Amino acid sequence: MMNSKIYGKLAVTNLKNNKKSYIPYILASAFSVMMYFIMDNLYRNRSLVEKGSPLAIMLSYAAAVILIFSIIFLFYINSFLIKRRKKELGIYNILGMGKGHLGKMLFLESVITTVASIIGGILAGILLSKLVYLILLKILHMGGKIEYRISLASTGMTTILFGAIFILIFLYNLLQMKLSNPIELLRGGNTGEREPKTKWIMTIIGILCLAGGYSIALITKEPMAALGKFFIAVILVIIGTYALFMAGSIAFLKMLRNKKSYYYKTRHFTAVSGMIYRMKQNAVGLANICILSTMVLVMVSMTVSLYGGLNDVIVTRFPYEAQITSSGINQKEEGQIEEIIKNMTKKNHTVTTSQIRFHVGRFTTVYNNNKTKQLDMMAAGDYSNSNAVDLAMIPLSDYNQTEGKNVKLKENEVLLYHRNHKRTHKKSDTEALKNKKVIQLNSISYKVVDELDRLAIAKADTTSFIDGWYVVVKDSSIITSYLKDIYENSNIYDELKEYYGKIQYSYSFNLNGSRANRAKTEKSIQKQLQKKFANCSIESRELSRESFYELYGGFLFIGIFLGIIFLMATTLIIYYKQISEGYDDRERYQIMQKVGMSKKEVRHSIRSQVLLVFFLPLIMAVIHLAFAFKIITKLLSVLNLTNISLFFMYTVGTVAVFAVIYAIIYSITAREYYKIIICRGE
């Protein structure tokens, strides 16, 4: 029987001897624990949750993403460690240690790494969570409105979850050891591979998947359609990336080998021949790096653009400073609303400009492209049909007033205007309607007298941000008739039926004055309207600014937070890939030195090998981002960011910063790779 103290000494000694592998592993584990703890602690901050539920939901989703990613990432990194340890474990086994003894030794090693990771991660989280909390408040423009606290529940949950992860990793390592015989353990760290064949079927699948994903990203024109198609494109690109790295990279290396002028050079010969034999494992790691790099670039560029372009977002969402909307009120009540605006602007030292008033009946419609060429009208907000768009009916009197015209319409005559931004339906439908001289609204046909190129009411109508049509009809009685016919038979909630089932009065205006005075004015108007009217609301830039900062600031915070953890994972994958490759190549390069290869030639060979594959994931990630640029702009337009040049600027900046970090990682890991190969005594 072995003395129980020996296991502890062996565990500590093994960790010291393998510190080049285990220190980064413990640091990465502690970092994952810290990131999860900070995110969960923020989520459990009750004052933060009470301040805004959308932010709380985002934080909870981010914590779940970090946890799931940590499981995958830590198992992936552990596979590198256990591969390097197999030979060592095999020697222990041959020298007389049974697998039960080895299991006890591995258990103590796991206890040490687990305790160090969890305690270190939580302590680091406690130390840094205050700073992260202050950064979050700064991003959200919340000042000191939220109380800071450390949650004991977060500490306990983090310990339990990551303790379970490390137990699963230990059981996996134990299973690997149990299933291996001593000879397999001895050869485990140096198991070679036969030269892989060029897998043309996988290469073709990769090309087709990548082409499919790129095509979807390039041809998708409708913002709402982009929401669903984006994820399909992402899946296709991921499959294509893995397939091409695993099959295409081998074909590429064989192509280099067949090119004699390149291959038969000292610095290329050893690099290319060595990479071919281990490309299957290497390719998966490179594909992982590529996917993680793409995720970092997309997340950070999108979230930084949304936050940096917040003023553009608000102006896009609210073309006018404010819009008041009321349902079912009479002319006297309309006058009272205007009187409230007049009094509150005067009181808060602001002046109204660019005022526009109109009445509207709101519906949803689907263009029925058959022989009847009709618009099937439904209750507002009914988007059960993917081709549904908004339809607003405006009385002719309001059109003439806002446009300064004196147009006259006969019975069954209309003016037609298409709000052509943010399209959500087929362009063919739009063109078909634009070229129609007659349209049919449900069962009644109308002659289109004019297809309008501009409509002031549409610009002021901030309540409608989905694509749609404006139909100017002869008088309000036509609108009332359609409202009665459609809403009495609809299945929508009674509250919505009460609100949308009547003609709405809308009053949009701009304000001159300081931001503080504009905010006071809009809050005062809101308070007075709520006091006097049941179905009256105000939407404005200043009233919504705080909620926009909360939403888009939350996106920025989580985007950067997840970007950091994905960058950490990318760094560790690169590091372990280089270390693993270094140990695999050391003996071969030492043989080369013994037969006359100088250290300078070894260095050139290393540089050739590393450069050959190291920057390929970065290049592919930038290509993925370039093809995704167009569909991402469509997604951003759904979030009211239409400034493409601003997004392009932030994207270029993100790529530049990431490339610099990537180059630094390359410099450090290549140096470690060289040290392993050159150091004979290691």
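Note: the structure precedes this text.
Residues numbered from 1 in each chain as written. Predicted model: local features only at pLDDT ≥ 70, side-chain atom pairs only at ≥ 80, totals over all residues. Heavy atoms only, no water.

1. Comments concerning the packing of helix α8 (residues 200-219) against helix α9 (residues 223-258)
Across the interface, α8 lies against α9 with an axial gap of 7 Å and an inter-helix angle of 150°. Relative to α9, the element α8 lies roughly antiparallel. Of the two possible hands of crossing, α8 and α9 adopt the one that is left-handed. The class makeup of the residues in the contact of α8 with α9 is 15 nonpolar, seven polar and one charged. (Axes fitted to C-alpha atoms, helices over the stretch in contact; angles between N-to-C directions. Helix = DSSP H or I, 4+ residues; strand = E, 2+ residues; numbered from the N terminus. Parallel < 35°, antiparallel > 145°, perpendicular 65-115°, else oblique. Left-handed = near helix turned anticlockwise from the far one by under 90°. Nonpolar A, V, L, I, M, F, W, Y, C, P; charged D, E, K, R; others polar.)

2. Remarks on the packing of aromatic side chains
Scanning the entire structure with this criterion turns up 25 aromatic pairs. A centroid spacing of 6.0 Å and a plane angle of 65° characterise the contact between Tyr307 and Tyr549, whose relative ring orientation is edge-to-face. One end of the pair, Tyr307, is in helix α12 (residues 279-308); the other, Tyr549, is in helix α21 (residues 541-594), and 242 residues separate them in sequence. For Tyr549, a relative accessible area of 14% translates into the label buried. Plain terms: the ring middles of Tyr575 and Tyr576 are 5.5 Å apart, the flat faces sit at 80° to each other, and that makes the pair edge-to-face. Just as Tyr575 is buried, Tyr576 falls in that class too. Clustering of aromatic rings is evident, with ring pairs tying together Tyr76, Phe80, Tyr575 and Tyr576. (Phe/Tyr/Trp six-rings, centres within 6.5 Å; stacked < 30°, edge-to-face > 60°. Buried < 20%, exposed > 50% of the residue type's maximum accessible area, 1.4 Å probe, protein only.)

3. Comments concerning the nonpolar core
Tyr25, Phe73, Phe162, Phe557 and Ile632 are the most contacted members of the largest nonpolar core, which totals 101 residues. Looking at which element gives the most residues to this core, the answer is α21, with 19 residues. Discounting chain neighbours no more than four positions away, the residues touching Ile632 are Phe230, Val298, Met302, Leu625 and Phe647. In terms of nonpolar packing, the next biggest core, distinct from the first, is built from 24 residues, Ala380, Met393, Tyr446 and Tyr487 among them. (Core = buried A, V, L, I, M, F, W, Y, C linked by side-chain atoms within 4.5 Å. Contact = heavy atoms within 4.5 Å.)

Honestly, that's just the spatial picture; any functional story needs more than this.
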